[in-house]
Amino acid sequence: MENEAVQQPASVVTSPTTPSPIMSRRAREINPFRAMVFGEKADTMIAHGIDVIKLSLGEPDFGAPPAVRDAMREQYDGRALPYTAAMGLPELRQAIADFYRDRHDLDIDPKRICVTAGGSAALLLATALTVDPGDDVIVADPSYPCNRELVRSFEGNVIDVPTSAATRFHLNADLCREYWTDRTKAVMITSPSNPTGTTIDFNVLKDVTAFAAEHGAWRIVDETYLDLADREPDGTEVKSVLACDPGAIVCNSFSKFFGMTGWRLGWAILPDDATVLEAVDDLATNYYLCAHTPTQHAALACFTPESLAECEARRQELLARRRIVIDGLKRIGLPVEVEPNGAFYAYFNISRTGLDAWTFCERALEEAHVALTPGRDFGAATANTHVRLSYAASREALSEGLERLGKFVATLES
Ligand SMILES: Cc1ncc(COP(=O)(O)O)c(C=O)c1O
């Protein structure tokens, strides 16, 4: 009898008999990542044996450096894995500070670094720290969609500023001035950007952050893709915002440059202000106590010369893939308007095909078996006109995908 009771499917015992109470407004109103349907549909097609080229993913295909994987294995030898401090493992905070000193020539006190569960949690903390109900937060349109949802979750107003190729799809001081209100509390910048892969020009960044600081607003800069970036168009090194605005809040991640998406680790760099640091410590403690302990220990191995060399080689590989994509899109007749110099995205205008971006992606998947991401999730400005291609895929997959896209576009023209 006892065994029979244990074998009852859980759903029989737990299925609710009454409707759930009313969810919070934020839960009812949060937008999904609509474009995920393309990735899911591609997976279903692949499961049915169709050879789909997936160029829709926002994650590198490399995985963590080998030394980090080895270090992670060691963490699971039966040792106790206690919480770390909410702001993170001191050795890791120091290692991140050293990384900024060596790679970006920036001297950052480790006490300003908060280790988080991915760049996502860094953005969550930054938003929680800065946004009150009714505050305006300026973002570029197009830009990373989760930031809008975070601002709305804290009852802030997202002020979407339409941008174009003329500003590398970024804000500038004139645009900020135009959209500024007496409620503007923060400016959020992602550089290099998702979906465009373009960096904000450093002098423009300097002007935007100076303007926001003069007007008493926070500057939240997501540098998740910074270390994957190529040089600026003028040949200079891509710099962190901290090189021009030490009071900005930086969000960053182990996901992209270190290839550790599923490991869930990132960091925030906060202004050198004891009140702010204490508040972030309290927010992190209350929200999640600390980032995953084993991952924090394993991540120390990211900063060995071998791991850094491995990540640098991968960055170079991504730059080679970028060339394949930029040249391929040009051949097809869909050139990118601004060449990406970071991340692994090319954002191109498909309006001359006569299709809207969503239909273009639907038909590219169904007819050419190539998965792409339409612009819709990234904001209204380019929702119908632009498509994101991720080149975090092998060179072979990229060449084949572009070949198929070329044929598909040719059928549209004929
Ligand atoms: C611009 C940007 N910021 C933040 C993130 C969050 O990444 P994670 O939480 O894995 O660090 C992503 C993920 O794709 C992103 O594209």
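Cut-offs used in this document
Residues numbered from 1 in each chain as written. Predicted model: local features only at pLDDT ≥ 70, side-chain atom pairs only at ≥ 80, totals over all residues. Heavy atoms only, no water. Near = heavy atom within 4 Å. Polar contact = N/O pair within 3.5 Å; in protein donor to acceptor, adjacent residues only side chain to side chain. Areas by Shrake-Rupley, 256 points an atom, 1.4 Å probe, with all protein chains shown as cover. 1 Å grid on protein atoms, 1.4 Å probe; cavity = no way out; pocket = protein on both sides within 12 Å on 5 of 7 lines; lining within 4 Å. Sits in = over half its atoms within 2 Å of the grid points. Helix = DSSP H or I, 4+ residues; strand = E, 2+ residues; numbered from the N terminus. Nonpolar A, V, L, I, M, F, W, Y, C, P; charged D, E, K, R; others polar. Expected span 1.5 Å × (residues − 1). pLDDT = per-residue confidence, 0-100. Contact = heavy atoms within 4.5 Å. Pairing = 2+ DSSP bridges. Buried < 20%, exposed > 50% of the residue type's maximum accessible area, 1.4 Å probe, protein only. Domains from an automatic or database assignment. Buried area = accessible area lost by both parts, 1.4 Å probe. Salt bridge = Lys/Arg side-chain N within 4 Å of Asp/Glu carboxyl O. Points joined across faces, edges and corners; volume = space filled by probe spheres on them.

1. Brief notes about the site of the ligand
Then step 1. Near the ligand you find 14 residues, and of these Gly 119, Ser 120, Asp 222, Ser 253 and Ser 255 are the closest.
Then step 2. Take Ser 253: an N or O atom from its side chain is 2.5 Å from an oxygen atom of the ligand.
Then step 3. In isolation the ligand has 400 Å² of accessible area, and contact with the protein removes 92% of it.
Then step 4. A majority-of-atoms criterion places the ligand in the largest pocket.
Then step 5. At 4 residues, the largest contribution of residues to the shell around the ligand is made by helix α7 (residues 118–130).
Then step 6. The residue makeup of the shell around the ligand, split by class, is 3 nonpolar, 8 polar and 3 charged.

2. Points about helix α13 (residues 305–332)
Then step 1. The end-to-end C-alpha distance of α13 is 41 Å, a good match for the 40 Å that 28 residues give at a rise of 1.5 Å each.
Then step 2. One or two steps after α13, the chain reaches Gly 333, where phi turns positive at roughly 95°.

3. Remarks on the confidence of the model for the chain
Then step 1. Predicted confidence across the chain gives a mean pLDDT of 94, with 96% of residues reaching 70 or more.
Then step 2. Confidence drops under pLDDT 50 across residues 1–6; counting only partners more than four residues distant or on other chains, this segment forms 0 contacts.

4. Description of the sheet that holds strand β12 (residues 386–390)
Then step 1. One open sheet holds the 3 strands; their spatial order is β9-β12-β11, and the pairing between them is antiparallel. Two strands lie at the open edges of the sheet, namely β9 (345–349) and β11 (373–374), each paired on one side alone.
Then step 2. In the sheet, β9 pairs with β12 via 5 bridges, with the strands oriented antiparallel. What sits directly across from Tyr 347, in β12, is Arg 388.

5. Quick notes on the environment of Ala 383
Then step 1. Structurally, Ala 383 can be placed in the loop between β11 and β12.
Then step 2. Given a relative accessible area of 12%, Ala 383 falls into the buried group.
Then step 3. Spatially, the C-alpha atoms of Ala 383 and Ser 414 are 25 Å apart, while their sequence positions differ by 31 residues.
Then step 4. Contacts of Ala 383, omitting those with residues within four sequence positions, involve Ala 357, Gly 375 and Arg 376.

6. Comments concerning the domain arrangement of the chain
Then step 1. Each assigned domain of the chain is listed with its residue range as follows: domain 1 (29–58 + 307–409) and domain 2 (66–303).
Then step 2. One C-alpha centre belongs to domain 1, the other to domain 2; they are set 25 Å apart.
Then step 3. For the domain 1 face of the interface with domain 2, the top three residues by lost area are Val 338, Asn 341 and Phe 378, together amounting to 23%.
Then step 4. Applying the counting criterion to the domain 1 and domain 2 interface returns 2 salt bridges.
Then step 5. Between Asp 230 and Arg 322 there is a salt bridge, with its nearest N and O atoms 2.7 Å apart.
Then step 6. For the pair domain 1 and domain 2, the interface holds 18 residue pairs in polar contact (both at pLDDT 80 or more).
Then step 7. At the level of elements, α13, β9 and β12 are the ones that each hand at least two residues to the side of domain 1 that touches domain 2.

7. Things to note about empty space enclosed by the protein
Then step 1. Inspection of every chain in the model, using the stated rule, returns 2 cavities of 30 Å³ or more.
Then step 2. Around the largest cavity, the lining residues are Val 139, Ala 140, Pro 142, Ser 143, Asn 147, Phe 169, His 170, Leu 171, Met 188, Ile 189, Thr 190 and Ser 193.
Then step 3. Those elements that place two or more of their residues in the lining of the largest cavity are β3 (136–141) and β5 (184–190).
Then step 4. At 3 residues, β5 tops the list of elements feeding residues into the lining of the largest cavity.
Then step 5. Across the lining of the largest cavity, the residue classes tally to 7 nonpolar, 5 polar and no charged.
Then step 6. Computed from the structure, the second largest cavity encloses a volume of approximately 60 Å³.
Then step 7. Lining the second largest cavity are Ser 191, Thr 199, Ile 200, Phe 202, Leu 205, Glu 223, Leu 226, Glu 232, Val 238 and Lys 239.
Then step 8. For the lining of the second largest cavity, the class distribution of residues is 5 nonpolar, 2 polar and 3 charged.

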